[in-house]
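The residues making up each chain are set out below.
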Amino acid sequence: MTSTGELLLEHTRDVPDFPQPGVLFKDLTPLFAAPKAFATVVADVADRYRGRVDAVAGVEARGFIIGGPVALALGVPFVPVRKAGKLPGDTVQQTYDLEYGTATIEVHTGAFAAHRRALVLDDVLATGGTAAAACALVERAGGEVAGIEMLLELTFLGGRELLSSYDVHAIAAV
Ligand SMILES: O=P(O)(O)OC[C@H]1O[C@H](OP(=O)(O)OP(=O)(O)O)[C@H](O)[C@@H]1O
Ligand SMILES: Nc1ncnc2[nH]cnc12
């Protein structure tokens, strides 16, 4: 594990039985509350994709917290991948399963047509359902997935299998 990975784990809190019994929730609010560590993580992500992506697609909600700073560091557009019903324009939607339920996410139609190479970004890779749905939306909205970046991967849930056709990187894995 890199030193950034160790830093990330030092700023991750385990919360048993949240949001439902049996789930060990990985809470990254300690990272977001520590400006130096957060800046280190943002720089680590941005350095990996500089010059290789035209947009950052951040998944609501925690992918927004990381995605905004990464997009600014790269000087590329931030495109919000939102939970259904929040975007005002025409959208494409995708429904998926995740570790604790099902959800629908969406992006504006054609959101990636003018900046095609997208970095799909989120905090946690669990079952991979969210990331796979986000990748499908990038492609349906005119883009291509240049990479998937996760801060933390829960390897025991096997999310990478759903994402085998993509280049996936996680800063830390447990
Ligand atoms: O790999 P998966 O099994 O799909 O799970 C990962 C997703 O679950 C969490 O989001 P959540 O849907 O809880 O939404 P939030 O960011 O709004 O809290 C997390 O931020 C990822 O987006
Ligand atoms: N165990 C977990 N901790 C944090 N975010 C998650 N998203 C899905 N599963 C999660």
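In this report, we go over the structure that sits alongside the text. Since we're looking at a predicted model, the values are computed, not measured. (Residues numbered from 1 in each chain as written. Chains lettered and ligands numbered in written order. Predicted model: local features only at pLDDT ≥ 70, side-chain atom pairs only at ≥ 80, totals over all residues. Heavy atoms only, no water.)

1. Regarding the site of ligand 2
Part 1 of the argument: As a structural note, the neighbourhood of ligand 2 is formed by Val23, Leu24, Phe25, Lys26, Arg62, Glu99, Tyr100, Val124, Ala126 and Leu154.
Part 2 of the argument: One nitrogen or oxygen atom from the main chain of Leu24 is found 3.0 Å from a nitrogen atom belonging to ligand 2.
Part 3 of the argument: For ligand 2, a nitrogen atom lies 2.8 Å from a polar atom in the backbone of Lys26.
Part 4 of the argument: If ligand 2 stood free it would expose 260 Å²; the protein chains cover 94% of that surface.
Part 5 of the argument: Element by element, the count of residues in the shell around ligand 2 is highest for strand 2 (residues 24–27), at three residues. (Near = heavy atom within 4 Å. Polar contact = N/O pair within 3.5 Å; in protein donor to acceptor, adjacent residues only side chain to side chain. Areas by Shrake-Rupley, 256 points an atom, 1.4 Å probe, with all protein chains shown as cover. Helix = DSSP H or I, 4+ residues; strand = E, 2+ residues; numbered from the N terminus.)

2. Looking at the packing of aromatic side chains
Part 1 of the argument: Scanning the entire structure with this criterion turns up three aromatic pairs.
Part 2 of the argument: Here Phe18 and Phe25 contribute two aromatic rings whose centre-to-centre distance is 5.0 Å and whose plane-to-plane angle is 80°, an arrangement assigned as edge-to-face.
Part 3 of the argument: Given the relative accessible area of 13%, Phe25 is considered buried.
Part 4 of the argument: Here the aromatic rings of Phe64 and Phe78 are separated by 5.8 Å at their centres, their planes lie at 90°, and the arrangement is edge-to-face. Placement of the pair is Phe64 in helix 4 (residues 62–74) and Phe78 in strand 4 (residues 78–83), with a sequence separation of 14 residues.
Part 5 of the argument: According to the relative accessible area criterion, Phe64 is partly exposed, its value standing at 24%.
Part 6 of the argument: Taking relative accessible area as the criterion, Phe78 reaches 28% and is therefore assigned partly exposed. (Phe/Tyr/Trp six-rings, centres within 6.5 Å; stacked < 30°, edge-to-face > 60°. Buried < 20%, exposed > 50% of the residue type's maximum accessible area, 1.4 Å probe, protein only.)

3. Observations concerning the sheet that holds strand 4
Part 1 of the argument: Pairing is mixed in the open sheet, where seven strands are placed in the order 5-6-4-3-7-8-9. Two strands in the sheet have a free side with no partner beyond their single neighbour: strand 5 (91–98) and strand 9 (168–173). Neighbour-to-neighbour, the strand axes of the sheet open up by a mean angle of 25°, direction not taken into account.
Part 2 of the argument: Where strand 4 and strand 6 (residues 101–108) come together, two bridges link them in antiparallel fashion. The residue of strand 6 that forms the bridge with Lys83 is Ile105.
Part 3 of the argument: Of the strands in this sheet, strand 7 (117–125), strand 8 (144–153) and strand 9 are in contact with helix 3 (residues 35–49), which crosses strand 8 at around 155°.
Part 4 of the argument: Taken strand by strand, helix 4 contacts strand 3 (55–59), strand 4, strand 7 and strand 8, and its axis lies near 140° from that of strand 7. (Pairing = 2+ DSSP bridges. Axes fitted to C-alpha atoms, helices over the stretch in contact; angles between N-to-C directions. Contact = heavy atoms within 4.5 Å.)

4. Side note on helix 5 (residues 129–140)
Part 1 of the argument: With 12 residues, helix 5 ought to run about 16 Å at 1.5 Å a step, and its terminal C-alpha atoms sit 16 Å apart, in line with that.
Part 2 of the argument: The buried fraction of helix 5 amounts to nine of the 12 residues, a majority that puts the element mostly inside the structure.
Part 3 of the argument: Those residues of helix 5 that fall on the buried side of the exposure criterion are Gly129, Thr130, Ala131, Ala133, Ala134, Cys135, Ala136, Leu137 and Val138.
Part 4 of the argument: One or two positions beyond helix 5, positive phi appears at Gly142, with a value near 95°. (Expected span 1.5 Å × (residues − 1).)

5. Observations concerning the packing of helix 1 (residues 3–10) against helix 3
Part 1 of the argument: Contact geometry for helix 1 and helix 3: axes closest at 10 Å, N-to-C directions at 140°. Judged on the interaxial angle alone, helix 3 and helix 1 are oblique. Considering the relative orientation of helix 1 and helix 3, their crossing is left-handed. Two secondary-structure elements touch here, helix 1 through Thr4, Leu7 and Leu8 and helix 3 through Ala37, Thr40, Val41 and Asp44.
Part 2 of the argument: When grouped by side-chain class, the residues that make up the contact of helix 1 with helix 3 number four nonpolar, two polar and one charged. (Parallel < 35°, antiparallel > 145°, perpendicular 65-115°, else oblique. Left-handed = near helix turned anticlockwise from the far one by under 90°. Nonpolar A, V, L, I, M, F, W, Y, C, P; charged D, E, K, R; others polar.)

6. Considering the packing of helix 3 against helix 4
In a pair of packed helices, the angle between the axes and the distance between the axes together describe the arrangement.
Part 1 of the argument: At a minimum axis separation of 9 Å, helix 3 and helix 4 run at an interaxial angle of 55°. Relative to helix 4, helix 3 is oriented oblique. Note that helix 3 runs across helix 4; the crossing there is right-handed. The segment helix 3 lies against helix 4, with Phe38, Val42, Val45, Ala46 and Tyr49 engaging Ile65, Pro69, Val70, Ala73 and Leu74.
Part 2 of the argument: Along the lines of polarity and charge, the residues of the contact of helix 3 with helix 4 split into 10 nonpolar, no polar and no charged.

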